[in-house]
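Breakdown of the fold
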Amino acid sequence: MNKHVIINTEAPVEILESLNDLGFNVIKIPILPSLAQPIQGHPDLQVFIHDKTIFCQKYIDRNILSLFKKIFNNVKLCQTVPKDPYPNDVAYNIVNLTKKVICNTKYIEPAIKQYLLEKNIEMIHVNQGYAKCSTLVLNQDSIITADNSIHIAASNNGVDSLLITPGFIQLPGYEYGFPGGASGQFDNTVYFTGTLSHHPDKKKIESFIFSKNKHIQYLSNGTIIDLGSLFFFSTVK
């Protein structure tokens, strides 16, 4: 089995080296100039993955696109090009819970919406456009979020949601970042871009993750930073 991770091309070297050391093939999403400068390399604003299908904004780097075609069963180039300002940048920012998704349904990429309808995937609407940024998915039935609207919507739809204090996550250029953008989940491990040592809910977050039979891996010794999500997946050799 080959292990892969899609990550911001501007991720700190320490994080990239940690992922390499852990055996992941690191795929760096190039910056997209139409987005606001601090978030131009955020993967969760440029791609959406469901099952073995990846949806990409149409100007995705052609070398990355060729790589995706070798890895995924289906690669779909979409017409929507995310751009500044919000909400023009959230077309791909969707929480994937396998049998359901959480997103602002008014702004998602039409091809993704059509796909979800055809697959009978339930779409849970929230007003928060940055749904994926805001949400760390542990499994299809449990999440961690700092957004109260997502917490309520998830809880009302059978998802076990831990609501944490907003902030305490770095996102250079903004007041603070989000838990989903600063993490990713693969197999039975949750990967954080840095440590939770400065987060007031550190113990609560760790306890919730452990209660789902997951481990925690910190990818750097620095403060947790929002890089636009880490997308982990595997392929058969």
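Since this is a predicted model, take the numbers as computed values, not measurements. (Residues numbered from 1 in each chain as written. Predicted model: local features only at pLDDT ≥ 70, side-chain atom pairs only at ≥ 80, totals over all residues. Heavy atoms only, no water.)

Bridge analysis of strand β12 (residues 183–186) against strand β13 (residues 189–192) gives four bridges, and the strand direction is antiparallel. Note on β13: the bridge partner recorded for Gly-184 is Tyr-191. If you look at the hairpin formed by β12 and β13, you'll find two residues sitting between the two strands, and Asp-187 has a positive phi there, around 55°. (Pairing = 2+ DSSP bridges. Helix = DSSP H or I, 4+ residues; strand = E, 2+ residues; numbered from the N terminus.)

Per the stated rule, a full pass over the model turns up twelve aromatic pairs. On the numbers, 5.1 Å between centres and 70° between planes, the contact of Phe-55 with Tyr-115 is edge-to-face. Linking Phe-55 in strand β4 (residues 53–57) with Tyr-115 in helix α3 (residues 110–118), this pair joins segments that are 60 residues apart in sequence. Given the relative accessible area of 0%, Phe-55 is considered buried. (Phe/Tyr/Trp six-rings, centres within 6.5 Å; stacked < 30°, edge-to-face > 60°. Buried < 20%, exposed > 50% of the residue type's maximum accessible area, 1.4 Å probe, protein only.)

Counted according to the given criterion, the structure contains two salt bridges. Among the salt bridges present, the one from Lys-212 reaches Asp-160, with a minimum N-O distance of 2.6 Å. Here Lys-212 is found in the loop between α5 (202–211) and β14 (215–218), whereas its partner Asp-160 is found in strand β11 (residues 160–163), with 52 residues between them in sequence. Here Lys-202 makes a salt bridge to Glu-206, at a shortest N to O gap of 3.0 Å. Highlighted residues: Lys-202 and Glu-206, both in helix α5, separated by four residues, approximately one helical turn. On the accessibility criterion, Lys-202 (29% relative accessible area) is partly exposed. Look at Glu-206 and you get buried, because its relative accessible area is 14%. (Salt bridge = Lys/Arg side-chain N within 4 Å of Asp/Glu carboxyl O.)

Core analysis: the largest hydrophobic core is formed by 16 residues, its most contacted members being Leu-138, Ile-144, Phe-192, Ile-205 and Ile-209. If you tally residues by element for this core, the top one is α5, at three residues. Excluding residues that lie within four positions of it along the chain, Ile-209 makes contacts with Leu-138, Ile-144, Val-190, Phe-192, Lys-214, His-215 and Ile-216. One finds Ile-29, Cys-56, Ile-60 and Ile-71 within the second-largest nonpolar core, a separate group that totals 15 residues. (Core = buried A, V, L, I, M, F, W, Y, C linked by side-chain atoms within 4.5 Å. Contact = heavy atoms within 4.5 Å.)

What follows is about the sheet that holds β13. Taken in spatial order, the three strands of this open sheet run β12-β13-β14, and their pairing is mixed. What marks the edges here is a single partner per strand, and that holds for β12 and β14. The average undirected angle you get between the axes of adjacent strands in this sheet is 25°. Pairing analysis gives four bridges linking β13 to β14, with the strands arranged parallel. By the bridge assignment for β14, Phe-192 is matched with Tyr-218. Along the sheet, α5 contacts β13 and β14; its crossing angle with β14, the most-contacted strand, is approximately 130°. (Axes fitted to C-alpha atoms, helices over the stretch in contact; angles between N-to-C directions.)

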